[in-house]
Amino acid sequence: MNVLVVEDNFDIGDAVSAHVVADGHRVDWCMNLKDAARRLISKKYDLVLLDLRLPDGNGLSLLQDIRREDDKTRVIIMTAQDQYSDRLAGMKGGADDFLVKPFDLDELSSRMRRVK
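Residues numbered from 1 in each chain as written. Predicted model: local features only at pLDDT ≥ 70, side-chain atom pairs only at ≥ 80, totals over all residues. Heavy atoms only, no water.

Q: Honestly, the overall build of the protein chain in this entry has me stumped. Any pointers?
A: On a plain count of helices and strands, the protein chain comes out with 5 helices and 7 strands. Its helices and strands taken in sequence order, the protein chain reads β-α-β-α-β-β-β-α-β-α-β-α from the N to the C terminus. A compact globule built from 116 residues should have a C-alpha radius of gyration of about 13 Å, and the protein chain, at 13 Å, falls within 12% of that. By principal-axis analysis of the C-alpha atoms, the protein chain measures approximately 35 × 30 × 25 Å. Long-range pairs, those at least 24 residues apart, make up 58% of the contacts in the protein chain with a sequence separation of at least 6. About 6200 Å² of surface is accessible on the protein chain, with carbon and sulfur atoms providing 49% of the total. Distance between charge centroids for the protein chain: 5 Å, based on 18 positive and 21 negative side chains. (Helix = DSSP H or I, 4+ residues; strand = E, 2+ residues; numbered from the N terminus. Rg over C-alpha atoms; globule rule 2.2 N^0.38 Å. Contact = heavy atoms within 4.5 Å. Areas by Shrake-Rupley, 256 points an atom, 1.4 Å probe, with all protein chains shown as cover. Lys, Arg positive; Asp, Glu negative; His and termini not counted. Charge placed at Lys NZ, Arg CZ, Asp CG, Glu CD.)

Q: Looking at this model, I keep getting lost on the environment of Leu40. Mind explaining?
A: For Leu40, the position within the fold is in helix α2 (residues 33–42). Apart from the residues within four sequence positions on either side, Leu40 is in contact with Leu4, Tyr45, Val48, Leu62 and Ile66.

Q: Whenever I open this one, the nonpolar core confuses me. Can you help?
A: Generally speaking, nonpolar side chains in soluble globular proteins are found buried as a group. Judged by nonpolar contacts, the single largest core of 19 residues is most densely connected at Leu4, Val6 and Leu50. Among the elements of the structure, β1 (2–6), α2, β3 (47–50), α3 (59–68) and β6 (74–79) are those that each provide at least two residues to this core. The greatest single-element share of this core, amounting to 4 residues, is contributed by α3. Each residue touching Val6, except ones within four places of it in the same chain, is listed here: Cys30, Asn32, Ala36, Val48, Leu49, Leu50, Asp51 and Leu54. (Core = buried A, V, L, I, M, F, W, Y, C linked by side-chain atoms within 4.5 Å. Buried < 20%, exposed > 50% of the residue type's maximum accessible area, 1.4 Å probe, protein only.)

Q: Explain α3 here, please?
A: Every buried residue of α3 is listed here: Gly59, Leu60, Leu62, Leu63 and Ile66. Mapping the buried residues of α3 onto a view down its axis gives an arc of 155 degrees, with all of them on the same face. The secondary structure elements touched by the buried residues of α3 are α2, β3, β4 (53–54), β5 (57–58), β6 and α4 (84–92). One side-chain oxygen at the N-terminal end of α3 lies 2.8 Å from the backbone nitrogen of Leu60; it belongs to Asn58. Positioned one or two residues after α3, Asp70 has a phi angle of 60 degrees, which is positive. (Arc of directions from axis to C-beta. Polar contact = N/O pair within 3.5 Å; in protein donor to acceptor, adjacent residues only side chain to side chain.)

The structure is reproduced here in structure tokens:
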């Protein structure tokens, strides 16, 4: 599976990317919305692991862009925003799943298999 990780925290992005690669997937990792949008235009991804709080905006805007194009790419939001309203906004916005940080990497793998 081709996976795009959109995460601005170096430690989290590095750990998630390494874990996803160890699970046998190909990973590209970017740290802001601008780079993520550029990558989504130039390459087909099966899954996006999307943080919400990014240096250049809210990841929900990228999710909305993906869904506006009727793109069926799977999206799992992974964020520290843990309020019910945050989860609801993510799911209403078209996310396939929502994972609250901190999370166990094995749980991430399980959720990735589920949305595949």
